[in-house]
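# Structural features, examined
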Amino acid sequence: MRAALILILMTLGIANLPASADTRLQIASFNVESDPDTRPELVAEDLRRLPGIDLWALQEVENETALNIFIDALNQTDNQLNNGSSVTYDGFIGQSGARWRDRLAFVYRTDQFQTVQFAENDAFGGSRDALIMTAKLADGTPLTFVNHHFNRGDAERRQRQTYLFRTWLASQPDRAIISIGDFNFDYQHLKPTPHGNPAFEEFMSDGLIDWPAPACIAARTCPQTGSQCNPRYRNILDFVFLSGPARNWRVESDLAFLDENYCQRDWLGYADHRPLLAIIHFE
């Protein structure tokens, strides 16, 4: 596990941190793209290139078959890195969005979480229900993860989703909530004064939600197209947000595969989004 942790820290550009300094949780968001030109077997190759992630929040998962391909790939990789020890991933896929081959899923390490439960929430007005995972760490720390894929083509609907979800988060200030996924907030990282679309500005307006922005934004090393490959957008679309007691934790994030021509493989059957990686420090 130490080797996997160091690999992820190097990917995030923070490999100088001591591996035993505090308790950490490594999470990732990945829109795996369920379009007909995408092959889950190839997407799984990129999952395997990022071993040691404790929790994956996936968007646009086509079906249970695709999810099982991802789970099997992660199990094979982490067991190899741990000399065959029993590192096991499991997962859960929601039902909402099945009509469009666009479902949400979680994949998680079973040894890192206890009392795991899943639920879909249709209260936020999108075409895909939020997928919520509640769990506890081994030390009893309660966590809530909310996996989202906000609407892309309907700005008015996305604005409504934002209002409803932000209101829901504000209604439970004592609950540590980590919201992660493809929010389609169009954060224009290349602008002299970076900013998001109106939905992003509303989401962040009351100061109750923290965004640990990808390190590549401040470093000016983010890809020209942002967190995805379509030059039509050229924005950051994938986010991790903290609310409630989770705001007290130190979180570092960045996009994966920054040092390569990742997007050139999109037409070969790989996903058109980069994974978003984050390390949560429970200090």
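Residues numbered from 1 in each chain as written. Predicted model: local features only at pLDDT ≥ 70, side-chain atom pairs only at ≥ 80, totals over all residues. Heavy atoms only, no water.

## As for the overall build of the protein chain
Defined as follows: Only DSSP runs of H or I with at least four residues qualify as helices, and only runs of E with at least two residues qualify as strands; both kinds are numbered from the N terminus onward. Every residue pair with non-hydrogen atoms within 4.5 Å of one another is taken to be in contact. Accessible surface area values rest on a Shrake-Rupley calculation with a 1.4 Å probe, where residue burial reflects the displayed protein chains alone.
A count of helical and extended segments in the protein chain gives six helices and 12 strands. Counting only contacts in the protein chain whose residues sit at least 6 apart along the sequence, the fraction spanning at least 24 positions is 70%. Summing over all exposed atoms, the protein chain offers an accessible surface of approximately 11,900 Å²; the carbon and sulfur share of this is 48%.

## What about the side chain of S243?
Just so we agree on the cut-off: Exposure categories follow from relative accessible area, calculated using a 1.4 Å probe and restricted to protein chains: below 20% of the type maximum is buried, above 50% is exposed, and the middle band is partly exposed.
Here S243 lies in strand β10 (residues 236–243). Among the residues examined, S243 registers a relative accessible area of 3% and is labelled buried. S243 has contacts with L169, R175, A176, I177, L208 and I209, leaving out every residue within four places of it along the chain.

## Here we look at the pairing of strand β2 (residues 55–61)
Short version of the rule: Two strands are said to pair when DSSP picks up at least two bridges between them.
By the criterion of burial, β2 is predominantly enclosed, with seven of the seven residues buried. Judged from the five bridges that link them, strand β1 (residues 23–31) and β2 form a sheet pairing that is parallel. Bridged to N31 within β2 is Q59.

## So, the confidence of the model for the protein chain
Formally: Per residue, pLDDT captures the predictor's confidence, and it can take any value from 0 to 100.
Chain-level statistics for the protein chain give a pLDDT mean of 90 and a share of 89% at 70 or above. Counted against residues more than four places away or in other chains, residues 1–21, with its pLDDT under 50, gives 39 contacts.

## So, the sheet that holds strand β8 (residues 177–187)
For clarity, the threshold we go by: Structural elements are reduced to axes, namely lines fitted to C-alpha atoms, with helices fitted over the stretch in contact, and the angle between N-to-C directions of any two is expressed from 0 to 180 degrees.
Reading across the sheet, the six strands line up as β5-β6-β7-β8-β10-β9 and stay open at both edges, with mixed pairing between neighbours. The open sheet has two edge strands with one neighbour each: β5 (114–121) and β9 (209–210). Two strands pair when backbone bridges link them, and strand β6 (residues 130–136) and strand β7 (residues 142–149) are joined in this way by six bridges, in the antiparallel orientation. Considered in β7, the bridge of A135 is made with L143. Its contacts with the sheet place helix α4 (residues 155–170) against β5, β6, β7, β8, β9 and β10, and it is angled at close to 155 degrees to β8.

## Quick word on the pattern of salt bridges
Operational definition: Within this document, salt bridges are pairs made up of a side-chain nitrogen of Lys or Arg and a carboxyl oxygen of Asp or Glu, the two lying within 4 Å of each other.
Per the counting criterion, the structure on display carries 12 salt bridges. With its nearest N and O atoms 2.9 Å apart, the salt bridge here joins E64 to R103. Of this pair, E64 sits in helix α3 (residues 64–81) while R103 sits in strand β4 (residues 103–109), and the two are 39 residues apart along the sequence. Between R166 and D206 there is a salt bridge, with its nearest N and O atoms 3.2 Å apart. A residue pair is termed long-range when its members are at least 10 positions apart, and R166 in helix α4 and D206 in the loop between α5 (198–203) and β9 qualify at 40 residues. When its relative accessible area of 14% is taken as the criterion, R166 is described as buried. Bridged by salt links that share partners, the residues D46, R49, E260 and R265 form one connected network.

## Considerations on the nonpolar core
Definition in use: Here the nonpolar core consists of buried residues drawn from Ala, Val, Leu, Ile, Met, Phe, Trp, Tyr and Cys, with membership extended through side-chain atoms lying within 4.5 Å.
Judged by nonpolar contacts, the single largest core of 50 residues is most densely connected at I27, F113, F145 and I178. Of all the elements, β8 adds the most residues to this core, at six residues. Apart from residues lying up to four places away in sequence, I27 is in contact with I53, L55, F145, I178, I180, V240, L276, L277, A278 and I280. Among the nonpolar cores identified, the runner-up in size contains 28 residues, and L50, I71, V107 and A256 belong to it.

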